[in-house]
Amino acid sequence: MMRFHKACHRFSLSPLCHLSPPSPSPSASLLLPPKLSGFSTLRARRCVKAHRFSRNPFTISMSSRSASTRLRCLASVCAEDGGGGSSNGSVSVSATATEDDELALGTGYRLPPPEIRDIVDAPPVPALSFSPQRDKILFLKRRALPPLADLARPEEKLAGVRIDGYCNTRSRMSFYTGLGIHQLLPDGTLSPEKEITGIPDGGKINFVTWSNDGKHLAFSIRVDEHGNSSKPVVWVADIETGVARPLFNSQDIHLNAIFESFVWIDNSTLLVSTIPSSRGDPPKKPLVPSGPKTLSNEKKNVVQVRTFQDLLKDEYDADLFDYYATSQLVLTSLDGTVKEVGEPAVYTSLDPSTDHKYLLVSSLHRPYSFIVPCGRFPKKVEVWTSDGRFVRQLCDLPLAEDIPIASNSVRKGMRSINWRADKPSTLYWAETQDGGDAKVEVSPRDIVYMQSAEPLAGEEPEVLHKLDLRYGGISWCDDTLALVYESWYKTRRTRTWVISPGSSDVSPRILFDRSSEDVYSDPGSTMLRRTAAGTYVIAKIKKENDEGTYVLLNGSGATPQGNVPFLDLFDINTGNKERIWESDKEKYFETVVALMSDQKEGDLRMEELKVLTSKESKTENTQYSLQLWPDRKVQQITNFPHPYPQLASLQKEMIRYQRKDGVQLTATLYLPPGYDPSKDGPLPCLFWSYPGEFKSKDAASQVRGSPNEFAGIGSTSALLWLARRFAILSGPTIPIIGEGDEEANDSYVEQLVASAEAAVEEVVRRGVAHPSKIAVGGHSYGAFMTANLLAHAPHLFSCGIARSGAYNRTLTPFGFQNEDRTLWEATNVYVEMSPFMSANKIKKPILLIHGEEDNNPGTLTMQSDRFFNALKGHGALCRLVVLPHESHGYSARESIMHVLWETDRWLQKYCVPNTADADTSPDQSKEGSDTADKVAAGTGGGNPEFGEHEDHYKLRRSLL
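This one's a predicted model, so the numbers in the text were calculated from it and none came from an experiment.

Regarding helix α12 (residues 862–873)
Moving on, step 1. Counted at 1.5 Å a residue, the expected span for α12 with its 12 residues is 16 Å, and the 16 Å between its end C-alpha atoms agrees.
Moving on, step 2. With its phi angle positive at about 75 degrees, G875 sits one or two positions after the end of α12.

Here we look at the pairing of strand β43 (residues 651–658)
Moving on, step 1. One ladder, built from 8 bridges, connects β43 with strand β44 (residues 664–671); its direction is antiparallel. Its bridge partner lying in β44, K652 is registered against Y670.
Moving on, step 2. The turn joining β43 and β44, which pair antiparallel and follow one another in sequence, is formed by 5 residues; a positive phi near 95 degrees is taken by G662.

As for the nonpolar core
Nonpolar side chains tend to gather and get buried jointly when the protein is soluble and globular.
Moving on, step 1. In this structure, F687, L789 and F797 are the most contacted members of the largest nonpolar core, which totals 66 residues.
Moving on, step 2. Discounting chain neighbours no more than four positions away, the residues touching F797 are F687, A756, V760, I774, A775, V776, L789, L790 and K844.

Focus: the packing of aromatic side chains
Moving on, step 1. What the rule picks out here adds up to 20 aromatic pairs.
Moving on, step 2. Taken together, a centroid distance of 6.5 Å and an interplanar angle of 55 degrees make the contact between Y748 and Y781 tilted. In this pair, Y748 is assigned in helix α9 (residues 748–765) and Y781 in helix α10 (residues 781–792), connecting sequence segments 33 residues apart. There is no split in this pair, since Y748 and Y781 are both buried.

A word on the sheet that holds strand β19 (residues 338–352)
Moving on, step 1. Reading across from one edge, β16-β17-β18-β19-β20-β21-β22 is the order of the 7 strands in this open sheet, with antiparallel pairing throughout. The open sheet has two edge strands, β16 (262–266) and β22 (390–397), and neither has a second partner. Looking at each pair of strands side by side, their axes are set apart by 40 degrees on average, direction ignored.
Moving on, step 2. Against the sheet, helix α6 (residues 315–325) makes contact with β18 (327–333), β19 and β20 (358–364), and its axis sits at roughly 115 degrees relative to β19, the strand it touches most.

Focus on the pattern of salt bridges
Moving on, step 1. Tallying each qualifying case throughout the model produces 45 salt bridges.
Moving on, step 2. Its salt-bridge partner being D121, residue R893 comes within 2.6 Å of it at the nearest N-O pair. Within this pair, whereas R893 is found in helix α13 (residues 893–910), its partner D121 is found in the loop between α4 (114–120) and β3 (127–130), the two being separated by 772 residues in sequence.
Moving on, step 3. The exposure class of R893 is partly exposed, given its relative accessible area of 29%.
Moving on, step 4. Judged by relative accessible area, D121 falls into the partly exposed class, the value being 30%.
Moving on, step 5. Residue R366 pairs with D319 through a salt bridge whose shortest N-O separation is 2.9 Å. Of this pair, R366 sits in the loop between β20 and β21 (379–385) while D319 is found in helix α6, placing the two residues 47 residues apart along the sequence.
Moving on, step 6. Under the relative-accessibility criterion, D319 is labelled partly exposed at 36%.
Moving on, step 7. Within this structure, R415, D434, E441, R445, D446 and R470 form a network of salt bridges that share partners.

Overview of the side chain of D310
Moving on, step 1. Inspection of the secondary structure assignment puts D310 in the loop between β17 (269–274) and α6.
Moving on, step 2. Accessibility expressed as a relative area gives 14% for D310, which makes it buried.
Moving on, step 3. Only 2.7 Å separates the side chain of D310 from the side chain of R162, close enough to count as a polar contact.
Moving on, step 4. D310 has contacts with K157, L158, A159, G160, V161, R162 and N855, leaving out every residue within four places of it along the chain.

Looking at a negative patch on the surface
Moving on, step 1. A grouping of D698, E739, D741 and E742 is seen on the molecular surface, where their side chains present a negatively charged patch.
Moving on, step 2. Within the element layout of this structure, E739 appears in the loop between β48 (735–737) and α9.
Moving on, step 3. What makes E739 partly exposed here is its relative accessible area of 34%.

So, α10
Moving on, step 1. With 12 residues, α10 ought to run about 16 Å at 1.5 Å a step, and its terminal C-alpha atoms sit 16 Å apart, in line with that.
Moving on, step 2. Those residues of α10 not exposed but buried are Y781, G782, A783, F784, M785, T786, A787, N788, L789, L790, A791 and H792.

Description of the packing of α9 against α10
Moving on, step 1. Contact geometry for α9 and α10: axes closest at 10 Å, N-to-C directions at 85 degrees. One way to sum up the angle between α9 and α10 is to call them roughly perpendicular. The residues of α10 that touch α9, namely those facing Y748, V749, L752, V753 and A756, are Y781, F784, M785, N788, L789 and H792.

A few points about the sheet that holds strand β30 (residues 509–515)
Moving on, step 1. Read from one edge to the other, the open sheet built from 4 strands follows the order β27-β28-β29-β30, with strand pairing classed as antiparallel. Of all the strands in the sheet, just β27 (470–478) and β30 have a single pairing partner and so form its edges. Ignoring strand direction, the axes of neighbouring strands in this sheet form an average angle of 15 degrees.
Moving on, step 2. Here 7 bridges tie β27 to strand β28 (residues 481–488), and the two strands are oriented antiparallel to one another. By the bridge assignment, D478 is partnered in β28 with L481.

The rules behind these values
Residues numbered from 1 in each chain as written. Predicted model: local features only at pLDDT ≥ 70, side-chain atom pairs only at ≥ 80, totals over all residues. Heavy atoms only, no water. Helix = DSSP H or I, 4+ residues; strand = E, 2+ residues; numbered from the N terminus. Expected span 1.5 Å × (residues − 1). Pairing = 2+ DSSP bridges. Core = buried A, V, L, I, M, F, W, Y, C linked by side-chain atoms within 4.5 Å. Buried < 20%, exposed > 50% of the residue type's maximum accessible area, 1.4 Å probe, protein only. Contact = heavy atoms within 4.5 Å. Phe/Tyr/Trp six-rings, centres within 6.5 Å; stacked < 30°, edge-to-face > 60°. Axes fitted to C-alpha atoms, helices over the stretch in contact; angles between N-to-C directions. Salt bridge = Lys/Arg side-chain N within 4 Å of Asp/Glu carboxyl O. Polar contact = N/O pair within 3.5 Å; in protein donor to acceptor, adjacent residues only side chain to side chain. Patch = residues over 30% accessible without salt bridge, like charges linked within 9 Å, V, L, I, M, F, W, Y side chains within 5 Å. Areas by Shrake-Rupley, 256 points an atom, 1.4 Å probe, with all protein chains shown as cover. Lys, Arg positive; Asp, Glu negative; His and termini not counted. Charge placed at Lys NZ, Arg CZ, Asp CG, Glu CD. Parallel < 35°, antiparallel > 145°, perpendicular 65-115°, else oblique.

Any functional reading would require information beyond the geometric quantities listed.
This is the structure:
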């Protein structure tokens, strides 16, 4: 499979994929993968309803310096409706305490210092998409950060989906602002841009997709009307003329973009999910409920679920979900012909077969659930002809509330139903043999089946392969070759099988059998080529005078010196490999992004090979080139400007150091432009990380990443503080290891502290970080890490910044992160890992930031709210900032700028001068001072004792 790495946000190499900007909030995440309230959640919600477009973040601050300061905090915060201005600069370090408090407690959104603001406001680079024939590049233009008003629009939260009822789309959708086409000339240069014209001024563009012949684009457009975005309308653009127009002649046909939007059936026909013309007004909530809400488990079923968000609450919500999610499918030709197909339903997936004769149609139906999101609702999968005629039902899966929480547990019945990419009208799928429960020992665990779209009477599905691990997908080539993937998280084992789909007499064999966390042994992924039908299959390579079966393996090339990506020519039968391309090791980091010589059917000739590569360095941003065989000619096709030239000469180094248990650790150390440690001395340092789990010390010690990668700086990145003359320790590895039968989290705190101690000792030893001016921070599980480090390793850090975290694991009793034991199975682990339980130990200043509308499972908004109250109850120096309308990740410009202002203020006040020492108790101050002296001397910080205070002990006993 192609690895897109960092290029994925700029390139789409699959023309059949819809192109929409990534959502501002993380999705189920990938990834690409919390909530918060400053007052009570109810009060915050009432405030939001009363002031929907309020420009004031909720802020509560608690300083242990004096009772009068506490009273001023409460008085200021309660004045929710007070006017507010904005600050154009950072907090002055020399400001008096009173001036600083007044500035911090004022209402309204703030702006960070110009040196940070200018980087965040830099115009974004356009996204790129190649045409199916690889002869044109589409530039998809983007705006900078959206305004808060976009997030403040009313939204419905239904079955795990957030819906903009006015537009009938997912809420908070980002969009493109314009489209431009460049011809890719034979010498690799680009022709002048041809702008797609006819798009309304201010049109918001989504779901951009090429027709298979590359002659048309289809996309949706929303326009502003009466302060709202309109319902989306499908448009098409002629690539030759560059002129766009609405697809439908009628202005009353609108796209329903809650789930599936539209797909190309052939080069002139689209199947569009539309809002039913017969739909009336939304259902109205009854003033008087028909009865109480009742949940029952009188059959004693075992149902364990994570803390999912935005679930249906009652029958009114279920009716509202039906109202917005129900679509009428419409077949539409480019000439304007319209034909309704099927009955209105909640369609979630439309997938044409390889030969475009059939459709795989998925839909949801009742009964719905109040405890799981819509992905587990009853699901029907059917085969239709491409003109909308029903052929047969493949399955009707029941409601799946009882999927076990253990990793690798899955839904019962048919799953991962797809069309073969190399054959016409052929389906394949997997079915579990363990009831979907990963804790059940059975062989085989999964069976993969295959069957034609319209089988003959009595024809049973063909067993393609049996697996003892969990099925993970198939890469197709032809009847002689396909690769089947299986894996098991608990052991990190992953296997790749070679099968011959058209020859039942050829036995499957294992190609690779390895640990998924052993990156040094990763052989790479097979590269795919595009077929004439628009699908992607394994690219076979033909060598002159050689009858071997060769494929291309594209690998990250992890080594102890960092990643050195490669491209290998691999004999699938003998296992012999030849390295035909490798990244520069000295200055640049290069990757193979995609295969470009795939217009022809059959094997690709080695001498005609053409690939798209990326190239970057520590200080040079990513550019893209074509590499042509046999002479390896390089044609650079992009020349993007440096996104932040003010940091173009930043210093970057991948550093290695050792934890006291022998585990080798890695971090990326960034230093400001022009910094000289011999002249400038040690700097204040920001330590920003996210823990990871491993099954072996050897795997945890491996190096991941490259020292030559460009320093990408996101809108809330810790690297922004390079502009404020901070040293940044980015991503220091914090492996939590559970070898053999041991569970990683059983020693979470000890391993966390040991990793942090080793990192701090290393930057202090190098003389680049001042031992008493090191701040720690993180987002989500990194925020959880931050709070735990301030509780259990206060000697290491001057202050902490925790964004969108969860701090009390008893509020996520059926597992969290990769922990699949329940609270009742591992009570001690849940309690000891929770910084909430150690709130009385936190003496260093901590800044909590959380999105008010966080929808990430586990990181409920109440987590930060209750943690702040626990800290305040013990007199800790703390501050809580709640961002109206924001989710787990932050997207509005006002919110992001305020987060940066809050963070900069915290660092300038509690890290740069390290005034926090004055606020610690005498005992705590002495302990921190002693250990800091050891760290400064390079002798190690020692281990803080993990004893429990009496009140903590009583609380733990009550939970036990």
